[in-house]
Amino acid sequence: MEKHELIEKLRSNMSRDTWNNWLTTAQILELDNKKVVVGLGNLFIKEAVEKRFGSIIKETINNILGKPVEVVFKEIPISKEQKNAVNGPIIKNRPLKLSEFNPEFTFDSFVTGNSNRIAYYSALEVCKNPGKYNPLFIYGDVGLGKTHLLHAIGNFLMENAPDLKVKYVTAEDFMNQMMDGIRASDMENFRERFRRNVDFLLIDDVQFLIGKNTVQSELFHTFNSLFNSRKQIVICSDRTPDELATFHPRLISRFEMGLITDIQAPDKATKYLIAKKMAQMISLQLTDDVAYYLAEHVDTNLRKLRGAIMNLLLQSQISGAPANIESAKTIVNSMMRMNANKVRFQSPEVLETVKIDTVIDLVAAEFDINRKDIFSSSRKKEIALARQVLAYLFKTTMKLKTKDISEKLDKNHSTIIHSIKKIEHSLLMGNEMIKNKINNIKNKLEDEKGILTL
Ligand code: ADP
Ligand code: MG
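Residues numbered from 1 in each chain as written. Chains lettered and ligands numbered in written order. Predicted model: local features only at pLDDT ≥ 70, side-chain atom pairs only at ≥ 80, totals over all residues. Heavy atoms only, no water.

Per an unreviewed UniProt entry, the chain carries the name Chromosomal replication initiator protein DnaA and comes from Petrotoga mobilis. The UniProt entry for the chain carries the following text under Sequence similarities (unreviewed entry): "Belongs to the DnaA family." The Subunit (unreviewed entry) field of the UniProt record for the chain holds the comment "Oligomerizes as a right-handed, spiral filament on DNA at oriC." (UniProt positions renumbered as here; feature names shortened; annotations may be inferred.)

This is the structure we're talking about:
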């Protein structure tokens, strides 16, 4: 039998998915009476294939040849030119994939310390042994490197296993794409995208789905489908599975099936090293004392550390002098002032205003009218009804006082009382149209609440 015949037979004996995902680089390098050498893309693929499919491939080759032979796997050494040739079409075929991962977020640029070592190694481990820990769930506060690790996985796999289809998506994006699918009545396409054309699914910021039951349910099915076909899933969240208490229990229990690791706030020494690494990444000279100052004074959210370092870069480019402790101090102080403002913005009063605004928008959207119509004096039926529903929601859902409602809607007290009564009456009488609209608005409000209270 010729080498190419053997490879064709092997291919037709394996499942198409397995072949397309893992074996497109397979070649028969040697074939004689006693021994078959199977060449595979690169070291990473060779190891993964040997581990996962080694015995199946051996058995299949023995069956095809009708006699027992020794089967050996080898990585195919490729020359630089070949590598470029291989990279060429991949770049062309997968433009999205290239831009999907931030090239700066790699395992190499990730500094490890006690706070994040386990998360780092588990991320690396899922790359080397996909499916071993499935799913991998990483949680940790904002700015501690979760997204960095997801991108590091993506970058690592693109480099070492370019045939794997790796998909990174934020939960928010997942939801938007799902909504688009629903709107276009093309869920098939959406599901194809997430269930079939994926070997590695990286889901970021899953806490975004708090309160969004339909999206959670879609994620659950996506999850099952990938899991059943042994595709690796990695999930990040700034809440622990426990804290995602309002998530559907079956989704939580899926999260808990795999490996859960956390990232803690870095200690000062790690922060110092991270500051150094960040500076190195952007070719900024950062002396030890400045790095130490930043480690001590910028809080543990590493985005702020990065912000401070970008600022230092700018200043040193303007002044032409290396970053010094004086400019570091100025930057840290102005960051603190910004924080103070942010706290004010998140005060309960401000949040309340944001919520009220959201309800108004949702009601206007549900009745398909403009927001300003609600505050107009128009007596058109749709508009009047929208106003009544709004008053009703203000009272029942937002628990506003009648006096406040009448102020907000610029209508007198008795009009408001009448409006609320009217809606209550309609609901009692089983008016389906009003009931549905109110339910729709409440559901959407639940969704928004998740965002507002984050
Ligand atoms: P999260 O997704 O957890 O909110 P990010 O991954 O966005 O946090 O990290 C915030 C910033 O800090 C990014 O610029 C990231 O590169 C950097 N960063 C976080 N952890 C590390 C680390 N261990 N080593 C180097 N940079 C880090
Ligand atoms: Mg993130």
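A.B. asks: Looking at this structure, how should I read the overall build of the chain?
C.D. replies: Counting its regular elements, the chain contains 21 helices and eight strands. For the chain, buried positions account for 44% of its 454 residues. Pairs at least 24 residues apart make up 72% of the contacts formed inside the chain by residues separated by at least 6 positions. By element, 51% of the accessible surface of the chain is carried by carbon and sulfur atoms, the whole surface being about 24,300 Å². (Helix = DSSP H or I, 4+ residues; strand = E, 2+ residues; numbered from the N terminus. Buried < 20%, exposed > 50% of the residue type's maximum accessible area, 1.4 Å probe, protein only. Contact = heavy atoms within 4.5 Å. Areas by Shrake-Rupley, 256 points an atom, 1.4 Å probe, with all protein chains shown as cover.)

A.B. asks: What exactly am I supposed to notice about unusual backbone geometry here?
C.D. replies: Backbone geometry follows two general trends: most residues other than glycine have a negative phi, and most peptide bonds adopt the trans configuration. With omega at -5°, the peptide bond leading from Asn134 into Pro135 counts as cis. Considering the arrangement of structural elements, one finds Pro135 in the loop between α6 (117-128) and β4 (136-140). A positive phi angle, close to 55°, is found at Ser283, a residue other than glycine. Within the element layout of this structure, Ser283 appears in the loop between α12 (268-281) and α13 (288-297). One non-glycine residue, Asp368, adopts positive backbone phi at about 60°.

A.B. asks: Would you mind going over the packing of helix α10 (residues 213-228) against helix α11 (residues 249-257) with me for this structure?
C.D. replies: A pair of packed helices is captured by two measures, namely the crossing angle of their axes and the spacing between those axes. Orientation of α10 relative to α11, taken along the N-to-C sense of each, is 35°, at an axis distance of 10 Å. Considering only the axes of α10 and α11, their crossing is left-handed. Only Arg250, Leu251, Arg254, Phe255 and Met257 of α11 make contact with α10, whose side of the interface consists of Gln216, Ser217, Leu219, Phe220, His221, Phe223, Asn224 and Phe227. (Axes fitted to C-alpha atoms, helices over the stretch in contact; angles between N-to-C directions. Left-handed = near helix turned anticlockwise from the far one by under 90°.)

A.B. asks: I keep staring at a negative patch on the surface and nothing clicks. Help me out?
C.D. replies: On the surface, Asp141, Asp242, Glu243 and Glu256 cluster together to form a negatively charged patch. You can see Glu243 is positioned in the loop between β7 (232-237) and α11. Taking the relative accessible area as the measure of exposure, Glu243 reaches 51% and is therefore exposed. (Patch = residues over 30% accessible without salt bridge, like charges linked within 9 Å, V, L, I, M, F, W, Y side chains within 5 Å. Salt bridge = Lys/Arg side-chain N within 4 Å of Asp/Glu carboxyl O. Lys, Arg positive; Asp, Glu negative; His and termini not counted. Charge placed at Lys NZ, Arg CZ, Asp CG, Glu CD.)

A.B. asks: Help me understand the site of ligand 1, please; the structure alone is not making it clear to me.
C.D. replies: As a matter of local geometry, ligand 1 sits amid 18 residues, with Val111, Gly143, Thr147, His148 and Arg303 nearest to it. Residue Lys146 places a side-chain N or O atom 2.8 Å away from an oxygen atom belonging to ligand 1. One of the side-chain nitrogen or oxygen atoms of Arg303 is found 2.6 Å away from an oxygen atom of ligand 1. Burial of ligand 1 by the surrounding chains reaches 94%, relative to a free accessible area of 550 Å². (Near = heavy atom within 4 Å. Polar contact = N/O pair within 3.5 Å; in protein donor to acceptor, adjacent residues only side chain to side chain.)

A.B. asks: Just to check I follow, could you spell out the environment of Ile61 for this structure?
C.D. replies: For Ile61, the location among the structural elements is in helix α3 (residues 43-65). Assessed through its relative accessible area of 0%, Ile61 is described here as buried. With 25 residues separating them in the primary sequence, Ile61 and Val36 have C-alpha atoms 8.5 Å apart. With sequence-adjacent residues up to four places away left out, Ile61 is seen in contact with Leu10, Val36, Val38, Val69 and Val71.

A.B. asks: In this structure, what is going on with the UniProt feature "binding site: ATP" (unreviewed entry) in the chain? I would like to understand it.
C.D. replies: Listed under "binding site: ATP" (unreviewed entry) in the UniProt record, and renumbered for this structure, are Gly143, Gly145, Lys146 and Thr147. Considered against the second largest pocket, the annotated residues that line it turn out to be Gly143, Gly145, Lys146 and Thr147. By the element assignment, Lys146 lies in helix α7 (residues 146-160). Setting aside its immediate chain neighbours within four residues, Lys146 contacts Ile138, Tyr139, Gly140, Asp141, Cys236, Ser237, Asp238 and Ile263. Within the structure, Lys146 has its side chain in polar contact with the backbone oxygen of Gly140 (distance 2.8 Å). Mapped onto the fold, Thr147 is located in helix α7. (1 Å grid on protein atoms, 1.4 Å probe; cavity = no way out; pocket = protein on both sides within 12 Å on 5 of 7 lines; lining within 4 Å.)

A.B. asks: Help me understand the side chain of Thr222, please; the structure alone is not making it clear to me.
C.D. replies: Looking at the secondary structure, you find Thr222 in helix α10. Residue Thr222 is classed as buried on the basis of its relative accessible area, which comes to 0%. Every residue in contact with Thr222, bar those within four places of it in the chain, is listed here: Phe174, Phe194, Arg195 and Leu201.

A.B. asks: Is there a simple way to think about the packing of aromatic side chains in this case?
C.D. replies: How two aromatic rings sit relative to each other is set out by the distance from centre to centre and by the angle between their planes. All chains considered together, the criterion is met by 12 aromatic pairs. Here the aromatic rings of Phe174 and Phe194 are separated by 5.0 Å at their centres, their planes lie at 75°, and the arrangement is edge-to-face. Residue Phe174 is found in helix α8 (residues 171-183), and its partner Phe194 is found in helix α9 (residues 187-196); the two are separated by 20 residues along the sequence. This pair shows no difference in class: Phe174 is buried, exactly as Phe194 is. Plain terms: the ring middles of Phe223 and Phe227 are 6.4 Å apart, the flat faces sit at 15° to each other, and that makes the pair stacked. Of this pair, Phe223 and Phe227 both sit in helix α10, separated by four residues, roughly a single helical turn. Taken together, the ring pairs connect Phe107, Phe110, Tyr120, Tyr121 and Phe156 into an aromatic cluster. (Phe/Tyr/Trp six-rings, centres within 6.5 Å; stacked < 30°, edge-to-face > 60°.)

A.B. asks: Any chance you could explain α7 here in plain terms?
C.D. replies: Quick reminder: α-helices carry 3.6 residues per turn. Residues three or four places apart thus point the same way. In this model, α7 (15 residues) spans 21 Å end to end at C-alpha, consistent with the 21 Å of a helix rising 1.5 Å per residue. Where burial is concerned, most of α7 is hidden: 11 out of the 15 residues are buried. (Expected span 1.5 Å × (residues − 1).)

A.B. asks: Hey, could you run me through the pairing of strand β2 (residues 35-40) in this one?
C.D. replies: Consecutive side chains of a regular strand alternate in pointing toward one face of the sheet and then the other. Among the six residues of β2, five are classified as buried, and the element is accordingly described as predominantly covered. The sheet contact formed by strand β1 (residues 27-31) and β2 spans four bridges and is antiparallel. By the bridge assignment for β2, Glu30 is matched with Val37. Here β1 folds back onto β2, and the loop between the two strands holds three residues. (Pairing = 2+ DSSP bridges.)

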